[in-house]
Every structure is written in structure tokens, then in C-alpha cells.
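Chain and residue survey
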Amino acid sequence: MAQATRDEGKKVNSDINVTPMVDVMLVLLIIFMVVTPMLNNKVNIELPPATAAVVMEDASKEDAIVVAVTRDGKTFLGGDQVQAADLGPRITDKLENKTDKRVYFRGDIRSNYGKCMDAIDGIRAAGVSQLGMIAEKPLI
Amino acid sequence: MGMGGGGGSGARSDINVTPLIDVLLVLLIIFMVIQPSTMRGLDTLVPQPPKNHDAEPDTRTIVVQVLGSGGGNPSYKINEDAVTIDTLTAKLQEIFATRNDKVMFVKGDKDLDFGQVLPVINDGHAAGVDNIGIITPAVESGH
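Residues numbered from 1 in each chain as written. Chains lettered and ligands numbered in written order. Predicted model: local features only at pLDDT ≥ 70, side-chain atom pairs only at ≥ 80, totals over all residues.

Considering the overall build of chain A
On a plain count of helices and strands, chain A comes out with three helices and six strands. Reading the secondary structure of chain A in the N-to-C direction produces α-β-β-β-β-α-β-α-β. Summarising the internal contacts of chain A: among those between residues at least 6 apart in sequence, 78% fall at separations of at least 24. (Helix = DSSP H or I, 4+ residues; strand = E, 2+ residues; numbered from the N terminus. Contact = placed C-beta atoms within 7 Å.)

Rendered as C-alpha cells:
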């Protein structure tokens, strides 16, 4: 009925209604299930801004090869720290059964460019020619 | 009402939209969380060093250099002409307006920060240069 009626004679129901709470909890569970694998394999890097950046769909895929250089000059392949000299053979291994020979590079805005070039040399040693420089498109 | 024959109360024929709105709000929240993680980036190329070292360098090749100046703001050069970062896009647009080969190279000092070199790649893309190669010291020395 559209209008609430007062039934003062009936017994008062004193149970808490848990259905909305369960709803909210399930939603939070789903959100964290979706977000956690995305945050897991990423090295903490402050990306430089680039206004001309285009969307790179494949970069966020699970099997994308991402090389990262952090602010303190460490080189990471995916989530593992590697020496720049070992990058070549390791990327070659990863590329072996992939058709898309493209590597993504995440450089910190304050990382040393010499270290970045060492990493790029390592990528070049694996025979890769296309490199996607991941950047952040500033919100205008 | 039309259908209810039994009860004295009128049957409600409105659809209950509350669960629908619930589900839509949840989807909205999920996509709001996912959306910022789409990666964006700039395409670059890593050239292999030339096979024959005696080859005559092409004079039409555009190389943008980023030169560090001891911690201060870096200076920029297109081949041998000094430019500022503000005019770089315009200069590149002017150069590549009459060209068919949209190729340029970026060379940066190793003492710089990555964040000082990336704007050059960005300006190149903004000027419509599709192929931007990154020159490292190893490429220059031919290894």
C-alpha cells in the first residue's frame, strides 16, 4: 500500500535488517577481487605526463612485457628486479611464444635517463623495435 | 484493478526498480574504479645500429638533443639549432610539414631525468611525427 499504517497492536520486530549490509559487503568483495590483480604486479612508479599519449590496450594485459625503471635506478621486468644486462635474454625468453613483439616501458619521472637508456639497450638486445612509453595523460 | 479478483486491495502494477538501480550503481562504481587504470603511452622505436659504419649519414635526419646543464633546466637542440621547449612543437611541425618521412630521433644526456626527455617525445607526437627513435650511446657507437 502506498500509505504506511500503524499497527500498534502487533509485536515489534527488533532484529536488525542485515540484507543491505550483506549487499554492501558483497560489492566491496567484488571490487577488491577485480582491483587486486591489477595492483599486484606493478612497480610503484610516478609516471611522467604526456598530452599526446594514446590508449595502449595491450599494456594492461596480464601477459604484457613491461620494463620499469624506478626513481632509485633499479630495473624491473614485470615484478622482478633484474640487471639491465640480463634484460635482453630474459625478454627473448618471454617473447618466444608471442606474436606481438612489443615491449612497454614505465619510467619514473625522476629516474635517471642514463639508467633508462641502459634498460632500452637491454630491450634492443632482445631484437625488439617497438617500445611503448607508458605515460599519464593529464586531465585538462 | 483489472486482474485481482480476490482481495479487496488494489494490485500494484508498477515495476519495482530499486534492485535495478542497485545493480546499475554497483556497475557504475566498478567501472569508475577500473577506468583510470587504462594505460596510455607514446609509441617509440628502438633502432638497431647500422650494419655498415662507413655509411654516409643522411643530412635530412632530424635529431632532437636534450642537453643537461648541471641540474638546471635542460636545453634542447634540433640538429644544431637551439630551441626552447615551448617552441619545439611548432618548429617540428614546420620542419615536417613538407616531409613525407615522419621520422625523428631523440638523444638525451645520461645525467638527465626521464621526465625531462619524455616531453620531447610527446612534442614530437604532438607535431605529427609518427616514428620517433631513441638513440642510446650504444647505438651511436654501433654496438
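Notes on helix α2 (residues 85–96) of chain B
All names here are of chain B. The first and last C-alpha atoms of α2 sit 17 Å apart over 12 residues, in line with the 16 Å expected at 1.5 Å per residue. Listed in full, the buried residues belonging to α2 are L88, T89 and L92. Buried residues of α2 fall within an arc of 90° about the axis and therefore sit on the same side. Exposed and oriented more than 90 degrees from the buried face of α2 are D86 and E94. Contacts made by the buried residues of α2 are with β3 (75–78), β4 (81–83) and α3 (114–126). (Expected span 1.5 Å × (residues − 1). Buried ≥ 20, exposed ≤ 12 C-beta atoms within 10 Å, placed from the backbone. Arc of directions from axis to C-beta.)

Comments concerning unusual backbone geometry
Residue and element names in this part refer to chain B. Although it is not a glycine, N79 sits at a positive phi angle of roughly 50°. With respect to the helices and strands, the residue N79 is situated in the loop between β3 and β4. With 12 C-beta atoms counted inside 10 Å, the residue N79 sits in the exposed group.

Brief notes about the interface of chain B and chain A
Across the contact, 35 residues belong to chain B and 42 residues belong to chain A. With eight residues, the single largest contributor to the side of chain B that touches chain A is α3(B). When its residues are assigned to classes, the side of chain B that touches chain A shows 18 nonpolar, 11 polar and six charged. As defined by bridge partners, strand β6 (residues 130–135) of chain A adjoins strand β1 (residues 40–45) of chain B across six bridges and the pair is classed as antiparallel. Paired with A:Q130 across the strands is B:L45, a residue of β1(B). (Nonpolar A, V, L, I, M, F, W, Y, C, P; charged D, E, K, R; others polar. Pairing = 2+ DSSP bridges.)

Description of the pairing of β6(A)
In regular strands, side chains alternate between the two faces of the sheet. Along β6(A), five of the six residues are buried, which leaves the element largely enclosed by surrounding structure. Note that the unit made of strand β5 (residues 102–107) of chain A, helix α3 (residues 113–125) of chain A and β6(A) has a crossover that is right-handed. (Right-handed = clockwise from strand over helix to strand, strands pointing away.)

What to know about the pairing of β5(A)
All names here are of chain A. The buried fraction of β5 is high, at five of six residues. Alignment of strand β2 (residues 65–69) against β5, held across five bridges, turns out to be parallel. In the strand pairing of β5, I65 is matched with V103.

Re the nonpolar core
A:V67, A:V103 and A:I123 are the most contacted members of the largest nonpolar core, which totals 49 residues. The element that contributes the greatest number of residues to this core is α3(A), accounting for six residues. Sequence-distant contacts of A:I123, that is, excluding residues within four places in its chain, are made with A:V67, A:L87, A:I91, A:V103, A:V128, A:L131 and B:V46. (Core = buried A, V, L, I, M, F, W, Y, C linked by C-beta atoms within 7 Å.)

Quick notes on the packing of helix α2 (residues 87–95) of chain A against α3(A)
All names here are of chain A. Remark: α2 packs on α3, axes separated minimally by 7 Å, with the N-to-C direction vectors making an angle of 45°. Between α2 and α3, the interaxial angle falls into the category oblique. The element α2 and its partner α3 pack so that their crossing is right-handed. Facing L87, G88 and I91 of α2, the residues of α3 in contact are A119, G122, I123 and A125. When grouped by side-chain class, the residues that make up the contact of α2 with α3 number five nonpolar, two polar and no charged. (Axes fitted to C-alpha atoms, helices over the stretch in contact; angles between N-to-C directions. Parallel < 35°, antiparallel > 145°, perpendicular 65-115°, else oblique. Left-handed = near helix turned anticlockwise from the far one by under 90°.)

A few points about the packing of α2(B) against α3(B)
Residue and element names in this part refer to chain B. One way to put it is that α2 packs onto α3 with a least axis distance of 8 Å and a crossing angle of 35°. The hand of the α2/α3 crossing is right-handed. On α3, the residues touching I85, L88, T89 and L92 of α2 are P119, V120, D123, G124 and A126. The class makeup of the residues in the contact of α2 with α3 is six nonpolar, two polar and one charged.

Section: the confidence of the model for chain B
Residue and element names in this part refer to chain B. Averaged over chain B, the pLDDT score is 80; the fraction of residues at 70 or greater is 85%. Within chain B, helix α4 (residues 137–141) has the poorest average pLDDT of any element, 79, and strand β6 (residues 131–135) the best, 90. Taken as a whole, residues 1–5 scores under 50 in pLDDT and shows four contacts with residues more than four places along the chain or in a different chain. Quick note on the complex model: pTM equals 0.72, ipTM equals 0.70. (pLDDT = per-residue confidence, 0-100.)

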